[in-house]
Amino acid sequence: MKIVFATNNLNKIKEVQALMPSAIQIVGLNDIGCIEDIPETSSTIEGNAIQKVNYIKEHYGFDCFADDTGLEVESLHGAPGVYSARYAGEAKDSNANMDKLLKELKGKENRKAQFKTVIALVLNGKLETFTGVCSGLITEDKRGKGGFGYDPVFLPDGYPETFAELSLSEKNKIGHRGKAVRQLIEYFL
Ligand code: IMP
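Description of the structure in this document. Here the residue numbers are simple positions, counted from 1 along each chain's written sequence. The predicted nature of this model means local features are confined to residues of pLDDT at least 70 and side-chain atom pairs, given and counted, to a pLDDT of 80 or more, with totals for whole chains, interfaces and linings taken over all residues. Each side-chain value is derived from all of the structure's non-hydrogen atoms; neither hydrogens nor water enter the calculation.

1. What about the overall build of the protein chain?
Step number 1: Only DSSP runs of H or I with at least four residues qualify as helices, and only runs of E with at least two residues qualify as strands; both kinds are numbered from the N terminus onward. For the protein chain, the count of helices and strands is five helices and seven strands.
Step number 2: Counting from the amino terminus, the protein chain carries its helices and strands in the arrangement β-α-β-α-β-β-α-β-β-β-α-α.
Step number 3: Using a 1.4 Å probe on the protein chains alone, a residue whose accessible area is under 20% of its type maximum counts as buried, one over 50% counts as exposed, and one in between counts as partly exposed. When the 189 residues of the protein chain are sorted by exposure, 44% land in the buried category.
Step number 4: The contact definition used throughout considers only heavy atoms, calling two residues in contact when any of these lie within 4.5 Å. Considering only residue pairs separated by 6 or more positions, the protein chain has 54% of its internal contacts joining residues 24 or more positions apart.
Step number 5: Each charge sign in the protein chain was given a centre, from 23 positive and 26 negative side chains, and these centres are 2 Å apart. Under this rule, positive means Lys or Arg and negative means Asp or Glu; His and the chain ends count for nothing. One atom stands in for each charge, and that atom is NZ of Lys, CZ of Arg, CG of Asp or CD of Glu.

In structure tokens:
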């Protein structure tokens, strides 16, 4: 089975393909000729995931799934949340986003945070959503070279390493996207 994953983020495609049974092959947006930015104008993570799959179905006619992820920081009242990608501006610069986050949390004792991923799937005329959450703490400094986005400043509960210091398979085992993707796979099977 081939299914479109409505993203051009190669890191995400790699992470998700690593979790899928070999019978399910993921195709990215480049592969269907979609190179434009899909609108993400909802005020919720779930709303953005749904907006992406509806856009692809409407403009390209493919069944597909899409994910939207946000980092929710407790002492920042859930920020950056749905605005995680653009936290430090339209450039969507991960380093600038992390610098801003570390600055906002400077001197704050409560560093609890969670990643939340919502996957929306449109298949055979039906819409489904799957949610995965991973709780942890925001570090004082960036650590590690792996992963992407906010990984170098996120310490998942129960681990001394940041997401950027863990292997991809370790991150997938405990991570927000892995949890949501496993629900998606169960739905397919
Ligand atoms: P998106 O909207 O799902 O692409 O993600 C929103 C923001 O969260 C982007 O800035 C990503 O870099 C960041 N992000 C998404 N997934 C992860 C992750 O697994 N680790 C760290 N940051 C992530």
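2. Comments concerning the site of the ligand
Step number 1: The ligand sits among 14 residues. The nearest are K12, D151, K171, H176 and R177.
Step number 2: Under the rule applied, a polar contact is a pair of N or O atoms within 3.5 Å (in protein, one hydrogen donor and one hydrogen acceptor; residues adjacent in sequence only if both atoms are side-chain atoms). One of the backbone nitrogen or oxygen atoms of T69 is found 2.9 Å away from an oxygen atom of the ligand.
Step number 3: Between the ligand and K171, the relevant distance is 2.8 Å, taken from an oxygen atom to a side-chain nitrogen or oxygen of the residue.
Step number 4: Computed on the free molecule, the ligand has an accessible area of 480 Å², of which 89% lies beneath the protein chains in the complex.
Step number 5: Listing elements by their share of the shell around the ligand, those giving two or more residues are β3 (64–73) and α5 (176–188).
Step number 6: When residue character is reported, Ala, Val, Leu, Ile, Met, Phe, Trp, Tyr, Cys and Pro are called nonpolar, Asp, Glu, Lys and Arg charged, and the others, Gly included, polar. Residue classes in the shell around the ligand are distributed as four nonpolar, four polar and six charged. We define proximity as follows: a residue is near a molecule or strand when any one of its heavy atoms falls within 4 Å of that partner. Accessibility throughout is a Shrake-Rupley quantity obtained with a 1.4 Å probe, and a residue counts as covered only by protein chains that appear here.

3. With respect to the layout of surface pockets
Step number 1: Detection works on a 1 Å grid of protein atoms alone, calling trapped sets that fit a 1.4 Å probe cavities and calling open sets with protein on both sides within 12 Å along at least five of seven lines pockets, with lining residues defined by an atom within 4 Å of a point. Grid points are joined across faces, edges and corners, and a volume is the space filled by probe spheres set on the points. Taken as a whole, the largest pocket spans an internal volume of roughly 970 Å³.
Step number 2: Around the largest pocket sit 37 residues that line it, and N9, K12, E40, A85 and K92 are the ones nearest its centre.
Step number 3: Those elements giving two or more residues to the lining of the largest pocket turn out to be α2 (45–60), β3, α3 (94–104) and α5.
Step number 4: Per element, the largest residue contribution to the lining of the largest pocket is five residues, and it comes from β3.
Step number 5: Counted by class, the lining of the largest pocket contains twelve nonpolar, 13 polar and twelve charged residues.

4. As for the pairing of strand β6 (residues 126–138)
Step number 1: Pairing between strands is defined by DSSP: at least two bridges between the two strands are required. Of the strand pairs in this sheet, strand β5 (residues 112–123) and β6 are connected by twelve bridges, and their pairing is antiparallel. Bridged to V118 within β6 is T131.
Step number 2: Counting the residues between successive antiparallel strands, the hairpin from β5 to β6 contains two residues, one of them, N124, with a positive phi of roughly 50°.
Step number 3: Direction of pairing for β6 relative to strand β7 (residues 154–156): antiparallel, over a ladder of three bridges. Residue G136 lies in a different strand from β7, and its bridge partner there is P156.

5. Some remarks on unusual backbone geometry
Step number 1: For the peptide bond that leads from A79 to P80, omega is -5°, which places it in the cis range.
Step number 2: Structurally, P80 can be placed in strand β4 (residues 80–81).
Step number 3: Its identity as a non-glycine residue notwithstanding, H77 has a phi of 55°, on the positive side.
Step number 4: Locating H77 in the fold gives a position in the loop between β3 and β4.
Step number 5: Residue classification places H77 among the exposed residues on the basis of a relative accessible area of 78%.
Step number 6: Of note, K92 is a non-glycine position whose phi angle comes to about 50°, a positive value.
Step number 7: Looking at where K92 falls in the secondary structure, it is placed in the loop between β4 and α3.
Step number 8: Given a relative accessible area of 39%, K92 falls into the partly exposed group.

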